[in-house]
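Each chain, letter by letter, is given below.
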Amino acid sequence: MTDFFADIPEIRFEGPGSTNEFAFRHYDPDETVMGKRMADHLRFAVAYWHNFAWPGGDPFGGQTFERPWFGDTMDHAKMKADAAFEMFRRLGVPYFCFHDADVRPEGADFAENTRNLMEIVEYFGEKMEAGGPKLLWGTANLFSHRRYMAGAATNPDPDVFAFAAATVKTCMDATHRLGGENYVLWGGREGYETLLNTDLVRESEQAGRFLSMVVDYKHKLGFKGTILVEPKPQEPTKHQYDYDVGTIYGFLKRFGLEDEVKINIECGHAILAGHSFEHEIALAAALGIFGSIDMNRNDYQCGWDTDHFPNSTPEVALAYYEILRAGGFDTGGTNFDAKLRRQSLDPADMILAHVGAMDVCARGLKAAAAMLEDDGLEAARRARYAGWNAPEAQAMLGSDLASIAARVESEGINPSPRSARQERLENLVNRFV
Ligand code: XUL
Ligand code: CO
């Protein structure tokens, strides 16, 4: 047991008028939104790594957080698990997510890593059976240890590929054992630092084989969850192969995996790629590969992946609008891949960061649902493309250039431009957010 969060109450919904810091003002898990409980729409998850494994360092300085569970033994790992499940209970979140390296001490070799992980998995299992949250996804950390400095699946050394493949097998076993609903691959070092020493084709073929092996193992294991790839354009490497949704779609098509793998989209990664969060969600949904989200935001001046907690309802509303348009989450959910600032030292900071973020997401979801129910945006979109409903417009798509040219001439087709009404649509959004 741990008394780390002893002074902090269980967080309950008290409504928008509440002045209690330790209460939800907008997240009411049982409120019905578009015929479904809010909790079942949002499917919140807490990320183990930022809260329990990260020491508060930045590129210029080391640890600022002092946590009783920091240390390299199994006892420390169990104390960390106790604290984590205490926090999950106070927040009432239905899910959590973890990397192997977040939850177990690093062993001397693969076999010791596996033993350590499986011991913690059993410990998690007991806590989950005793009413703890479920596992949204598990993943392998294939980027922190020095063996992965030149990549995991894309490493020039086949022994690193082997170690990574063995580690992913173990992490898939752990995820399956805990009833995980998804398995995530974020290629933290799958990219290059310089083209001068890099064989691009070889590395992408290695990555394609690796992902195919993951899919094969999923079926062998009988894992019913979804395999998710998480895009990011750069950082830590200069260029990452899983750049963005469009790039991953091309990669999946190339290796015949587009029906097997979906995407975990992170807000901050989308911004680093020069996209908006909602763009990446809308594109993945349109391509049939939308899976889950890592909710956070980046500092707009920093230019790197700052993993702030989300705090802008208008931004979050547009993301959930695309998710609702796509029919909502299936096995995916809203994982807070977000961390405190390194000066936020108190246990209460950790809890209240999540409370605020959950409220922002709840407001965003409600605004998104209201926009969808209003139908104003969708009606405008339908009207904009209405010309394509005409039989001659549809027939044209099966036609050819010469026939089209003949029709344009004989019918005197001469298009007259129409307003796209962008500002009016933006005004419409602002009625809801
Ligand atoms: C890194 C990142 C990871 C993945 C899981 O930027 O987002 O935490 O979500 O490996
Ligand atoms: Co992430």
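Because the structure is predicted, anything quoted here is derived from the model rather than measured. (Residues numbered from 1 in each chain as written. Chains lettered and ligands numbered in written order. Predicted model: local features only at pLDDT ≥ 70, side-chain atom pairs only at ≥ 80, totals over all residues. Heavy atoms only, no water.)

Colleague: Help me understand the pairing of strand S5 (residues 44–47), please; the structure alone is not making it clear to me.
Modeller: Within a regular strand, side chains alternate between the sheet's two faces. Here S5 shows two buried faces, one formed by Phe44 and Val46 and the other by Ala45 and Ala47. In this sheet, strand S6 (residues 95–99) lies alongside S5 in parallel orientation, the contact comprising three bridges. Paired with Ala47 across the bridge in S6 is Cys97. (Buried < 20%, exposed > 50% of the residue type's maximum accessible area, 1.4 Å probe, protein only. Helix = DSSP H or I, 4+ residues; strand = E, 2+ residues; numbered from the N terminus. Pairing = 2+ DSSP bridges.)

Colleague: I'm lost on the sheet that holds strand S7 (residues 134–139) in this one. Help?
Modeller: The strands making up a sheet associate through backbone hydrogen bonding, with each pair oriented either parallel or antiparallel. The strand order around the closed barrel formed by eight strands is S5-S6-S7-S8-S10-S12-S13-S14, and the pairing between neighbours is parallel. Each neighbouring strand pair of the sheet contributes to a mean axis angle of 30 degrees, computed without reference to strand direction. Where S5 lies against strand S14 (residues 334–336), three bridges are found, and the strand directions are parallel. Counterpart to Phe44 in the pairing with S14 is Thr334. In the packing of helix H10 (residues 277–286) onto the sheet, the strands contacted are strand S12 (261–266) and strand S13 (290–295), and the crossing angle to S13 comes to about 165 degrees. (Axes fitted to C-alpha atoms, helices over the stretch in contact; angles between N-to-C directions. Contact = heavy atoms within 4.5 Å.)

Colleague: Got a minute to help me understand the coordination of the cobalt ion (ligand 2) in this structure?
Modeller: Note on metal geometry: ideal angles are 109.5 degrees for four donors arranged tetrahedrally and 90 or 180 degrees for six donors arranged octahedrally. Looking at the cobalt ion (ligand 2), the protein donor atoms are Glu230 (OE), Glu266 (OE), Asp294 (OD) and Asp337 (OD), and they sit 1.9 to 2.1 Å from it. What the six donor atoms of the cobalt ion (ligand 2) show is an angle range of 80 to 170 degrees at the metal, which sorts the shape as octahedral. Summarised as a motif, the one-chain spacing of the donors to the cobalt ion (ligand 2) is E-x35-E-x27-D-x42-D. Separated by 28 residues along the polypeptide, Glu266 in strand S12 and Asp294 in strand S13 bring together distant segments of the chain. Take Glu266 and Asp294: they sit in the same class, and that class is buried. (Donors = N, O, S within 2.8 Å, 3.2 Å for Na, K, Ca; no water. Tetrahedral: all angles 85-135°; square planar, octahedral: opposite > 155°, others 65-115°.)

Colleague: Help me understand the pairing of S12 in this model?
Modeller: Of all six residues in S12, five are buried; the element is thus mostly enclosed. The pairing of strand S10 (residues 226–229) with S12 spans three bridges and is classified as parallel. Considered in S12, the bridge of Ile227 is made with Val261.

Colleague: Looking at this model, I keep getting lost on empty space enclosed by the protein. Mind explaining?
Modeller: Empty space among the atoms becomes visible once a probe the size of a water molecule is rolled across them. Applying the stated criterion to the full structure yields four cavities of 30 Å³ or more. Here the largest cavity is characterised by a volume of approximately 290 Å³. Around the largest cavity, the lining comprises 23 residues; the ones closest to its centre are Leu185, Gly187, Glu190, Phe210 and Asp242. Breaking the lining of the largest cavity down by element, the ones donating at least two residues are strand S8 (182–185), helix H7 (200–221) and helix H8 (245–254). The dominant element in the lining of the largest cavity, judged by the number of residues it contributes, is H7, at four residues. In terms of residue class, the lining of the largest cavity is made up of 16 nonpolar, four polar and three charged. (1 Å grid on protein atoms, 1.4 Å probe; cavity = no way out; pocket = protein on both sides within 12 Å on 5 of 7 lines; lining within 4 Å. Points joined across faces, edges and corners; volume = space filled by probe spheres on them. Nonpolar A, V, L, I, M, F, W, Y, C, P; charged D, E, K, R; others polar.)

Colleague: For this particular structure, what's the right way to read the layout of surface pockets?
Modeller: Estimates place the volume of the second largest pocket at around 1100 Å³. The wall of the second largest pocket is formed by 32 residues, among which Arg381, Arg384, Tyr385, Ala420 and Leu425 lie closest to the centre. Residue composition of the lining of the second largest pocket, grouped by class: 17 nonpolar, six polar and nine charged. Viewed by domain, the lining of the second largest pocket spans two of them, domain 1 (12–374) and domain 2 (390–430), each represented by three or more residues. (Domains from an automatic or database assignment.)

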